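# A look at the structure
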Amino acid sequence: MNTFKAPKGTYDLLPPDSATFLAVREAIAAPLRNSGYGYIETPGFENIELFARGVGESTDIVTKEMYAFETKGGDRLALRPEGTASVLRAALEANLHKTGNLPVKLWYSGSYYRYERPQKGRYRHFSQVGAEAIGAEDPALDAELIILADQAYRSLGLRNFRILLNSLGDKECRPVYRAALQEFLRGLDLDEDTRRRIDINPLRVLDDKRAEVQKQLDGAPLLSDYLCDACRAYHKEVRELLSAAGVVFEDDVKLVRGLDYYTRTTFEFVHDGLGSQSAVGGGGRYDGLSEMIGGPALPSVGWALGVDRTVLALEAEGVELDIPASTSVYAVALGDEAKQRLFALVTELRKAGVATDMAYGGKSMKAGMKNANRSGARFAVIAGERDLAEGVVQLKDMESGGQEAVAMDAVVTLLKDKLV
Ligand code: ATP
Ligand code: MG
């Protein structure tokens, strides 16, 4: 029989590399947990209509990348391609915006699915950690989120990332700009798909990666010239708060998230070591989204950082995370009786908080010690018939190689003192 392979565009996380993924998730979550964000988990799939409305009918995500299916019961669902729509749906459904203080601050971590052309940094199954602050319009909140992402990346030791920042205006000034942009774009030499996009989602054309499109965009009207006073003041305050916090950013007047309900602050984290998949994370304000999915007006802001690309960024910078060996003590027994005694000791050590493993499968002493070595354990606890008779175990320091006999009933306390 043929052996199975992971589906195209996916990969498995295996030890020891999987430890880096966990550490990255932890490092991104830590500043959020420390800043009033509560953990939320939503289903891996939702009603497809939520994404159609909450991500946008005109986006690549919805038109090309979604894993959509119909259940046996006739429900039309899709695997989640992103987190924001689900989080907002869940918050609205549970009335969090009525029962708690606003903003409702939530963070999440999980798997997302997009049917994309797989390449390095672009997968069909990937991981994000994200944060959403729902129900408040306050430049300090936009700044907070950007500062927390910056802090997360810095805590991981990343240095070669940049923060791109822009404002997309609001329902006052955006439509004026949109009309001006449409007029400009209609005068260009563009293919039919792109021309259609001018009507539905003209800002997205600015984001077109193709050189033949980009070179025509040189004289395009800029949103920054169209911002109303309120948006201008809001953006100024976000920028001042970031600067005061020592967070370096670059103004990027072409940075768009071309959905109608994205408003004002928009930002992206890019890493220069990643080639064409350079965005490690992105986010912004989405003041209109709640209403789009049937909720009340709830101005909100959020971001999602890609775990896979963050790990690639660490590799690109040659950053090795300081991940301690997962096993501190490794037990090796010789003979059945010793095995039983050591198994009890191992259980006790684990209860005492000492990370402990042991040799299984009736191995020889030599093979058992090889395992102990590979585990990265600091100490080996070894026992045979003779040790049992004397009521001791042999405690071997795996760094120095030194070995001493320790009374069986003193081992837990001794190792706890040395390790915990
Ligand atoms: P891109 O322009 O590279 O397609 P995007 O704008 O679609 O990115 P977002 O929807 O903003 O990405 O998602 C936030 C982050 O999630 C990205 O910055 C990236 O790190 C990660 N991400 C998005 N799609 C993928 C994917 N297919 N594979 C791996 N990571 C992804
Ligand atoms: Mg994409």
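Analysis parameters
Residues numbered from 1 in each chain as written. Chains lettered and ligands numbered in written order. Predicted model: local features only at pLDDT ≥ 70, side-chain atom pairs only at ≥ 80, totals over all residues. Heavy atoms only, no water. Buried < 20%, exposed > 50% of the residue type's maximum accessible area, 1.4 Å probe, protein only. Helix = DSSP H or I, 4+ residues; strand = E, 2+ residues; numbered from the N terminus. Arc of directions from axis to C-beta. Contact = heavy atoms within 4.5 Å. Domains from an automatic or database assignment. Salt bridge = Lys/Arg side-chain N within 4 Å of Asp/Glu carboxyl O. Phe/Tyr/Trp six-rings, centres within 6.5 Å; stacked < 30°, edge-to-face > 60°. Polar contact = N/O pair within 3.5 Å; in protein donor to acceptor, adjacent residues only side chain to side chain. Near = heavy atom within 4 Å. Areas by Shrake-Rupley, 256 points an atom, 1.4 Å probe, with all protein chains shown as cover. 1 Å grid on protein atoms, 1.4 Å probe; cavity = no way out; pocket = protein on both sides within 12 Å on 5 of 7 lines; lining within 4 Å. Points joined across faces, edges and corners; volume = space filled by probe spheres on them. Nonpolar A, V, L, I, M, F, W, Y, C, P; charged D, E, K, R; others polar. Pairing = 2+ DSSP bridges. Axes fitted to C-alpha atoms, helices over the stretch in contact; angles between N-to-C directions.

## With respect to helix H15 (residues 365-375)
Buried within H15 are the following residues: Gly 368, Met 369, Asn 371, Ala 372 and Ser 375. The arc that holds the buried residues of H15, viewed along the axis, is 155°, so those residues lie on one side. Looking at H15, the residues exposed on the side facing more than 90 degrees away from the buried face are Lys 366, Lys 370, Asn 373 and Arg 374. Summarising the contacts, the buried residues of H15 are in contact with strand S12 (329-333), strand S14 (379-383) and strand S15 (392-397). Looking at the residues trailing H15, positive phi occurs at Gly 376, about 80°.

## Observations regarding the domain arrangement of the chain
Once the domains are mapped, the chain shows domain 1 (17-173 + 227-317) and domain 2 (329-418). Computed from C-alpha atoms alone, the centre-to-centre distance between domain 1 and domain 2 is 48 Å.

## Considerations on the environment of Gly 335
Note on placement: Gly 335 falls in the loop between S12 and helix H14 (336-351). For Gly 335 and Gly 384, which are 49 residues apart along the polypeptide, the C-alpha to C-alpha distance reads 6.3 Å.

## A look at the pattern of salt bridges
Counted by the stated rule, this structure contains 27 salt bridges. With a shortest N-O distance of 3.3 Å, Arg 210 and Asp 191 are connected by a salt bridge. Taken together, the positions of Arg 210 in the loop between helix H9 (202-206) and helix H10 (211-214) and Asp 191 in the loop between helix H7 (174-186) and helix H8 (192-200) put the pair 19 residues apart, joining distant regions of the chain. The class for Arg 210 is partly exposed, based on a relative accessible area of 33%. Close ionic contact of Arg 378 with Asp 397 constitutes a salt bridge, the shortest N to O distance being 2.9 Å. One end of the pair, Arg 378, is in the loop between H15 and S14; the other, Asp 397, is in strand S15, with 19 residues separating them in the sequence. Taking relative accessible area as the criterion, Arg 378 reaches 28% and is therefore assigned partly exposed. With a relative accessible area of 17%, Asp 397 lands in the buried category.

## Notes on the packing of aromatic side chains
Geometrically, a pair of aromatic rings is defined through the distance of the ring centres and the angle of the planes. Tallied over the full model, the rule gives 12 aromatic pairs. Look at Tyr 112 and Phe 126: their rings are 6.4 Å apart centre to centre, the planes differ by 40°, and that puts the pair in the tilted class. Placement of the pair is Tyr 112 in strand S5 (residues 104-113) and Phe 126 in strand S6 (residues 125-134), with a sequence separation of 14 residues. No difference in accessibility class separates Tyr 112 from Phe 126, as the two residues are buried. Judged by centre distance (5.4 Å) and plane angle (65°), the rings of Tyr 177 and Tyr 226 are edge-to-face. Taken together, the residues Tyr 177 in helix H7 and Tyr 226 in the loop between H10 and helix H11 (229-244) connect sequence positions 49 residues apart. Classification of Tyr 177 as buried rests on a relative accessible area of 1%. Since its relative accessible area comes to 31%, Tyr 226 is described here as partly exposed. Three or more aromatic residues link up through ring pairs in this structure, and these residues are Tyr 153, Phe 161, Phe 267 and Phe 269.

## Some points on the environment of Ser 111
Take Ser 111: it is sitting in strand S5. Residue classification places Ser 111 among the partly exposed residues on the basis of a relative accessible area of 21%. Note: C-alpha distance between Ser 111 and Leu 289 (178 residues apart in sequence) is 22 Å. Ignoring anything within four residues of it in the chain, the contact list for Ser 111 reads Arg 80, His 125 and Phe 126. A distance of 2.8 Å separates a polar atom in the side chain of Ser 111 from a polar atom in the side chain of His 125.

## Concerning the site of ligand 1
Surveying the vicinity of ligand 1 reveals 14 residues, the closest of which are Arg 114, Glu 116, Arg 122, Tyr 123 and Arg 309. Here a nitrogen atom of ligand 1 and a side-chain polar atom of Glu 116 are 2.6 Å apart. With respect to ligand 1, the backbone of Ala 279 contributes an N or O atom lying 3.2 Å from an oxygen atom. In isolation ligand 1 exposes 590 Å². Once the protein is present, 86% of that is buried. Elements represented by at least two residues in the shell around ligand 1 include exactly S6, strand S10 (279-285) and strand S11 (300-306). Element by element, the count of residues in the shell around ligand 1 is highest for S10, at three residues.

## Some remarks on empty space enclosed by the protein
Per the stated rule, a full pass over the model turns up two cavities of 30 Å³ or more. In this structure, the largest cavity occupies an estimated 60 Å³ of space. Forming the walls of the largest cavity are Ile 40, Glu 41, Thr 42, Arg 80, Gly 83, Ser 86, Val 87, Tyr 108, Ser 109 and Tyr 112. Residue classes in the lining of the largest cavity are distributed as four nonpolar, four polar and two charged.

## Remarks on the pairing of strand S16 (residues 403-407)
Bridging between S15 and S16 involves five bridges; their strand directions are antiparallel. Counterpart to Val 393 in the pairing with S16 is Val 406. Hairpin remark: S15 followed by S16, antiparallel, with five residues in the connecting loop; positive phi at Gly 401, about 85°.

## Some points on the sheet that holds S5
Overall, mixed pairing links the eight strands, which are arranged S1-S5-S6-S11-S10-S9-S7-S8 in an open sheet. Edge positions in the open sheet fall to strand S1 (38-39) and strand S8 (250-251), since each of these has one partner strand only. Two elements, strand S7 (residues 161-167) and S8, share two bridges in a ladder whose sense is parallel. Looking at S8, one finds that Leu 165 is bridged to Asp 251. Where helix H4 (residues 84-93) meets the sheet, it contacts S5 and S6, and its direction lies at approximately 45° from that of S6. Each of S5, S6, S7, strand S9 (263-271), S10 and S11 is contacted by helix H6 (residues 139-155), which is oriented at about 15° to S11, the strand it contacts most.

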